[in-house]
Amino acid sequence: VEVKDSFGNTPLIIAAKHKQVEVVKVLLSLKANANQKNHKDETSLYHAVINIDYDMFQVLLSAEDLNVNLDYPNITTVNLLNFTIVSNYFQMVNDLLLRGADVKKTDKMGKTALHYAAQSSFDYHTQALLERQAEVDVVDSEGRTPLFY
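Residues numbered from 1 in each chain as written. Predicted model: local features only at pLDDT ≥ 70, side-chain atom pairs only at ≥ 80, totals over all residues. Heavy atoms only, no water.

Peer 1: Tell me what's going on with the overall build of the protein, and back it up with residues and numbers.
Peer 2: Regarding its fold elements, the protein presents 8 helices and 0 strands. Along the protein, from the amino end to the carboxyl end, the secondary structure elements read α-α-α-α-α-α-α-α. Relative to a compact globule of 149 residues, whose C-alpha radius of gyration would be 15 Å, the protein shows 16 Å and is just as compact. For the protein, the spread of C-alpha atoms along the principal axes amounts to about 45 × 25 × 20 Å. Across the 149 residues that make up the protein, the buried fraction comes to 48%. In the protein, the proportion of contacts linking residues at least 24 apart, taken out of those at least 6 apart, comes to 63%. Summing over all exposed atoms, the protein offers an accessible surface of approximately 7,500 Å²; the carbon and sulfur share of this is 53%. The distance from the centre of the 14 positive side-chain charges to the centre of the 19 negative ones in the protein is 3 Å. (Helix = DSSP H or I, 4+ residues; strand = E, 2+ residues; numbered from the N terminus. Rg over C-alpha atoms; globule rule 2.2 N^0.38 Å. Buried < 20%, exposed > 50% of the residue type's maximum accessible area, 1.4 Å probe, protein only. Contact = heavy atoms within 4.5 Å. Areas by Shrake-Rupley, 256 points an atom, 1.4 Å probe, with all protein chains shown as cover. Lys, Arg positive; Asp, Glu negative; His and termini not counted. Charge placed at Lys NZ, Arg CZ, Asp CG, Glu CD.)

Dropping the structure here:
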């Protein structure tokens, strides 16, 4: 189940990319690695988020070994928590937080999820992050804390 094509895609990544949730369930039951990345650093969970496929997202979150804190260099906001906040995918944000997404992780600009939530004026994301001990005094590369926004 871990064979890769010429782009580095595993069957799990391909199934997630093409919204084949039943195939993903079978692959996960066969212990497919949900953390595998292709040559573009994309995972199956990345494709569920990009496709706004909440059913797929839920199935992939059930994978025991899933690491929700992986970085994605091809996304400017670096990790899925930040990306889902900027995209305002409310339920995905909550689910990532429940699964242990790191609210203190910074991106290459020094921004945390709280920076993005505050910058986007999403009060409900901001509140959820603060409830999980997000730090309000982290200074990004532009000298701004989340309180700036």
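That was the structure; now back to the text.
Peer 1: Residues and numbers for the packing of helix H2 (residues 21–29) against helix H4 (residues 54–61), please.
Peer 2: As a packed pair, H2 and H4 sit with axes 10 Å apart at the nearest point and diverge in direction by 5°. Here H4 runs roughly parallel to H2, going by the angle between their axes. Seen from H2, the contacting residues are Val21, Val24, Lys25 and Leu28; seen from H4, they are Asp55, Met56, Val59 and Leu60. When its residues are assigned to classes, the contact of H2 with H4 shows 6 nonpolar, no polar and 2 charged. (Axes fitted to C-alpha atoms, helices over the stretch in contact; angles between N-to-C directions. Parallel < 35°, antiparallel > 145°, perpendicular 65-115°, else oblique. Nonpolar A, V, L, I, M, F, W, Y, C, P; charged D, E, K, R; others polar.)

Peer 1: Describe helix H8 (residues 123–131), with residues and values.
Peer 2: When H8 is considered as a whole, its buried residues turn out to be His125, Thr126, Ala128 and Leu129. The arc that holds every buried residue of H8, seen down its axis, measures 165°, which confines them to one face. Gln133 sits one or two residues past H8 and shows a positive phi near 70°. (Arc of directions from axis to C-beta.)

Peer 1: Quick one: what's the story with the packing of aromatic side chains, residue by residue and with numbers?
Peer 2: This model, assessed by the stated rule, comprises 5 aromatic pairs. Plain terms: the ring middles of Phe83 and Tyr89 are 6.4 Å apart, the flat faces sit at 70° to each other, and that makes the pair edge-to-face. Judged on exposure class, the residue Phe83 and its partner Tyr89 are both buried. Taken together, the ring pairs in this structure connect Phe90, Phe122 and Tyr124 into an aromatic cluster. (Phe/Tyr/Trp six-rings, centres within 6.5 Å; stacked < 30°, edge-to-face > 60°.)

Peer 1: Break down the nonpolar core for me, with residues and values.
Peer 2: In this structure, Val24, Leu45, Leu60, Leu81, Leu96 and Leu129 are the most contacted members of the largest nonpolar core, which totals 38 residues. Of all elements in the fold, only helix H1 (11–17), H2, helix H3 (44–50), H4, helix H5 (80–86), helix H6 (90–98), helix H7 (113–119) and H8 reach the threshold of two or more residues within this core. Broken down by element, the residue count for this core peaks at 5 residues, all from H4. When residues no more than four places from it in sequence are discounted, the contact partners of Val24 are Leu12, Ala15, Ala16, Met56, Val59 and Leu60. (Core = buried A, V, L, I, M, F, W, Y, C linked by side-chain atoms within 4.5 Å.)

Peer 1: So, H2: which residues are in play, and what are the values?
Peer 2: Taken residue by residue, H2 has Val24, Leu27 and Leu28 as its buried positions. Projected down its long axis, H2 shows its buried positions confined to an angular sector of 100°, all on one face. More than 90 degrees from the buried face of H2, the exposed residues found are Glu22 and Ser29. In this structure, the buried side of H2 is in contact with H1 and H4. Immediately downstream of H2, the backbone of Lys31 shows phi near 70°, a positive value.

Peer 1: Describe unusual backbone geometry, with residues and values.
Peer 2: Positive phi is not limited to glycine here, since Lys31 has a value of about 70°. Looking at the element boundaries, Lys31 is found in the loop between H2 and H3. Backbone geometry places Ile52, a non-glycine residue, at a positive phi of 50°.

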